[in-house]
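Close look at the chain arrangement
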Amino acid sequence: MIQWKFTFDKDEEEFWLNEWCRQGWAMTKFFCGVVTFAPCQPGEFIYRIDLIPGRFLQATDYEGYVIFMDEMGIEVLQRWGRWTYLRKRTAEGPFELYSDTESKITFYNRMRRLFLFALVVEVLCSLSGWNMLVSFPESLLAQGLVGLYIVIIAMVLRAVWRCSWRITELERQLK
């Protein structure tokens with residue numbers, strides 16, 4: 001079965017994947033929002049999403065990351081840039097990547113930095129669309145392109161805000 005789900009909210013996406021698994025559908029692949037599922041035993045897996053440390057879209061030591069996860073009994077299911085889908089069999093016990101508050105804050109800071117980088121890139125890319133719209137205001141192509149940029153920028157801004165909000169909430173727990 002194939003479903004569409006494209007979000008920049010890790011927690012929302014994890015919940016969605018785990019809900020599908022509770023209903024007997026295991027994620028097998030992901031690409032650009034297209035998620036492929038295969039039948040499984042209801043609740044057979046627990047899914048987590050991680051952002052591998054690195055710079056921009058490049059992960060550092062991906063091979064070491066995969067080996068470490070494998071040693072922990074965690075399957076690296078799919079990778080999209082640094083965004084990584086992981087799963088572990090429910091029968092093997094709880095599955096949390098970041099169990100203490102400080103490591104969660106570090107994770108959300110890493111994610112926020114990636115989204116801020118994406119925001120800068122998206123704004124710079126949108127300049128050509130804005131230029132086209134100013135030059136050809138009647139052009140449906142220019143209007144559509146600018147509209148698409150606005151939607152993407154809004155989605156990335158929301159992701160930055162959600163990360164900042166989670167960091168603030170976690171920092172309150174430390175006090």
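Coordinates for the structure precede this section.
Here goes a summary of the coordinates provided. (Residues numbered from 1 in each chain as written. Predicted model: local features only at pLDDT ≥ 70, side-chain atom pairs only at ≥ 80, totals over all residues. Heavy atoms only, no water.)

Considering the pairing of strand E8 (residues 83–89)
Counted residue by residue, E8 has 6 buried out of 7 residues, so it is predominantly covered. Of the strand pairs in this sheet, strand E4 (residues 45–51) and E8 are connected by 7 bridges, and their pairing is antiparallel. By the bridge assignment, Tyr-47 is partnered in E8 with Arg-87. Of the pairings in the sheet, the one linking strand E7 (residues 75–80) to E8 comprises 5 bridges and is antiparallel in character. (Buried < 20%, exposed > 50% of the residue type's maximum accessible area, 1.4 Å probe, protein only. Helix = DSSP H or I, 4+ residues; strand = E, 2+ residues; numbered from the N terminus. Pairing = 2+ DSSP bridges.)

Examining the packing of helix H3 (residues 101–135) against helix H4 (residues 140–174)
The contact between H3 and H4 brings their axes to 8 Å, and the two run at 160°. Between H3 and H4, the angle falls in the class roughly antiparallel. Judged by the sense of rotation from one axis to the other, the crossing of H3 with H4 is left-handed. When its residues are assigned to classes, the contact of H3 with H4 shows 28 nonpolar, 8 polar and 6 charged. (Axes fitted to C-alpha atoms, helices over the stretch in contact; angles between N-to-C directions. Parallel < 35°, antiparallel > 145°, perpendicular 65-115°, else oblique. Left-handed = near helix turned anticlockwise from the far one by under 90°. Nonpolar A, V, L, I, M, F, W, Y, C, P; charged D, E, K, R; others polar.)

Notes on the sheet that holds strand E3 (residues 34–39)
Strand order in the open sheet formed by 3 strands is E1-E3-E2, with antiparallel pairing between adjacent strands. The open sheet terminates on both sides in strands that have one partner only, identified here as strand E1 (2–4) and strand E2 (25–31). On average, each strand axis in the sheet is inclined to that of its neighbour by 30°, with strand direction left out of account. Both E2 and E3 contribute to a ladder of 6 bridges, which runs antiparallel. Each residue of the ladder has a partner; that of Lys-29, found in E3, is Thr-36. Contacting E1, E2 and E3, helix H1 (residues 10–22) crosses the sheet at an angle of about 25° to E3. (Contact = heavy atoms within 4.5 Å.)

A short note on the sheet that holds E4
Taken in spatial order, the 3 strands line up as E4-E8-E7 in an open sheet, and their pairing is antiparallel. Only two strands of the sheet have a single neighbouring strand rather than two, namely E4 and E7. On average, adjacent strands in this sheet sit at an angle of 20° to one another, irrespective of strand direction. In this fold H1 packs onto E4 and E8, with an angle of close to 160° to the strand it touches most, E4. Sheet strands in contact with H3 are E4 and E8, and its direction is about 60° off that of E4.

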